[in-house]
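Given next are the chains, with one letter for each unit.
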Amino acid sequence: MALDLMELLPAGWRARLEPLLDPSDVAALGEYVESEYAGQTVYPPREDLFNAFRHCSYDSARVLILGQDPYHGPGQAHGLSFSVRDGVRLPPSLRNIYKELAADLDVPVATGGDLTPWADQGVLLLNAVLTVRAGDAGSHAGKGWEEFTDAAIRALNDKSERVVFVLWGAYARKKARLITGVQHTVIESAHPSPLSAKKFFGTKPFSAVNKALADAGEPEIDWAITR
């Protein structure tokens, strides 16, 4: 039995994505994802699959931070890019994000890694691929998720209000081609991974996001994670 992905999406997002997706492709993706959950250890847990869309409605979305793949270690991924549940050791990329946030806006470095407070303010924390096998990075790439999440980016591009697209690393930066609205802002830099962090540090993405929002008359994001 296939997982009905569209039925699992919040209604606002479903209405925006359905016209941009091929139903047969979505059905095939749902079958694949269901078989993987049934036969493998897959992250994030099924109930967390669409947390990014659940915590950030289409209407409230003002910022996109795009990741590539969910974390593939036990207890890490919970449906928000770069985020981990509180109590889980901070992954290296998230530690570097916090370091840059502290340097950029003098925000204290958080001990917890749950970025839900960002999502609840209109930051869509989206991975390009929404599932992964345990311990096997990139294992669900090329199975159909990319078309699904590209549709989400296209839907955001269709908004008349400004959306700030934050693209870290070569993979995410390729998605800039989907962003054509002159009202939007694209912020690109190296990835916060330790492999490229030297080029990520000093890019000040958080103040740049807030400036772009303020220039469009939108509220800034409170980036502080107080846990």
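Along each chain, residues carry numbers from 1 onward, in the same order as the chain's sequence is written. In view of the model being predicted, local features appear only for residues whose pLDDT reaches at least 70, and side-chain atom pairs are presented and counted only at 80 or more, with totals across whole chains, interfaces and linings using the full set of residues. Side-chain measures here rest on the full set of heavy atoms in the structure, leaving out hydrogens and waters.

The name recorded for the chain in an unreviewed UniProt entry is Uracil-DNA glycosylase, from Actinomadura parmotrematis. UniProt positions are given in the numbering used here, feature names are shortened, and annotations may be inferred rather than shown by experiment. Recorded in UniProt for the chain, the comment headed Sequence similarities (unreviewed entry) runs: "Belongs to the uracil-DNA glycosylase (UDG) superfamily. UNG family." UniProt annotates the chain under Catalytic activity (unreviewed entry) with the comment "Hydrolyzes single-stranded DNA or mismatched double-stranded DNA and polynucleotides, releasing free uracil."

(A) Looking closely at the sheet that holds strand β2 (residues 63-67). The parallel open sheet is built from four strands, whose spatial order is β3-β2-β5-β6. Bordering the open sheet on either side are β3 (123-127) and β6 (185-189), each of which pairs with just one other strand. Within the sheet, the average angular offset between the axes of one strand and its neighbour, ignoring direction, is 20°. Examined bridge by bridge, β2 and strand β5 (residues 164-168) share four bridges and lie parallel to one another. When the bridges of β5 are listed, Leu64 appears paired with Phe165. Contacts between helix α7 (residues 145-157) and the sheet are confined to β2, β3 and β5, with β3 contributing the most and set at about 155° to the helix. Across the sheet, helix α10 (residues 205-215) lies against β2, β5 and β6, angled at about 160° from β5, the strand it touches most. Strands qualify as paired when DSSP identifies two bridges or more between them. Every helix listed is a DSSP run of H or I at least four residues long, and every strand listed is a run of E at least two residues long, numbered separately from the N terminus. Here an angle of 0 to 180 degrees is reported between the N-to-C directions of two axes, which are lines fitted to C-alpha atoms, with helices fitted over the stretch in contact. What makes two residues a contact is simply this: any of their non-hydrogen atoms within 4.5 Å.

(B) Spotlight on the nonpolar core. Grouping buried Ala, Val, Leu, Ile, Met, Phe, Trp, Tyr and Cys residues that are joined through side-chain atoms within 4.5 Å yields what is termed a nonpolar core. Relative accessibility under 20% of the residue-type maximum defines a buried residue, over 50% an exposed one, and the middle range a partly exposed one, all with a 1.4 Å probe and only protein chains included. Trp13, Leu17, Phe53, Ile65, Trp118, Trp145 and Phe148 are the most contacted members of the largest nonpolar core, which totals 72 residues. For this core, the leading source of residues is α7, giving seven residues. For Trp13, the contacting residues outside a window of four places in its chain are Phe53, Cys56, Ser57, Tyr58, Ala61, Leu124, Ala152 and Leu156.

(C) Layout of the UniProt feature "active site" (unreviewed entry) in the chain. The UniProt record annotates "active site" (unreviewed entry) at Asp69. Looking at where Asp69 falls in the secondary structure, it is placed in the loop between β2 and α5 (92-105). Apart from the residues within four sequence positions on either side, Asp69 is in contact with Asn127, Val129, Thr131, Val132, Ala137 and Gly138. Here a polar contact is taken to be a pair of N or O atoms separated by no more than 3.5 Å, where protein atoms must pair a possible hydrogen donor with a possible acceptor and residues adjacent in sequence count only if both atoms sit in side chains. At a separation of 2.6 Å, a polar atom in the side chain of Asp69 contacts the main-chain amide nitrogen of Gly138.

(D) Spatial organisation of unusual backbone geometry. In this chain, Tyr43 is followed by Pro44 through a cis amide linkage whose omega measures -5°. Within the secondary structure, Pro44 sits in the loop between β1 (42-43) and α4 (51-55). Look at Lys204: it is not a glycine, yet its phi comes out positive at around 50°. According to the relative accessible area criterion, Lys204 is partly exposed, its value standing at 42%.

(E) Focus on the pattern of salt bridges. For salt bridges, the criterion is a side-chain nitrogen of Lys or Arg within 4 Å of an Asp or Glu carboxyl oxygen. Enumeration over the complete set of coordinates arrives at seven salt bridges. Across the salt bridge formed by Arg85 and Asp48, the nearest N and O atoms sit 3.1 Å from each other. Of this pair, Arg85 sits in the loop between β2 and α5 while Asp48 is found in the loop between β1 and α4, placing the two residues 37 residues apart along the sequence. Under the relative-accessibility criterion, Arg85 is labelled partly exposed at 35%. Since its relative accessible area comes to 9%, Asp48 is described here as buried. Arg173 serves as the salt-bridge partner of Glu188, at 2.9 Å between the closest nitrogen and oxygen. Taken as a pair, Glu188 in strand β6 and Arg173 in helix α8 (residues 169-173) lie far apart in primary sequence, 15 residues in all.

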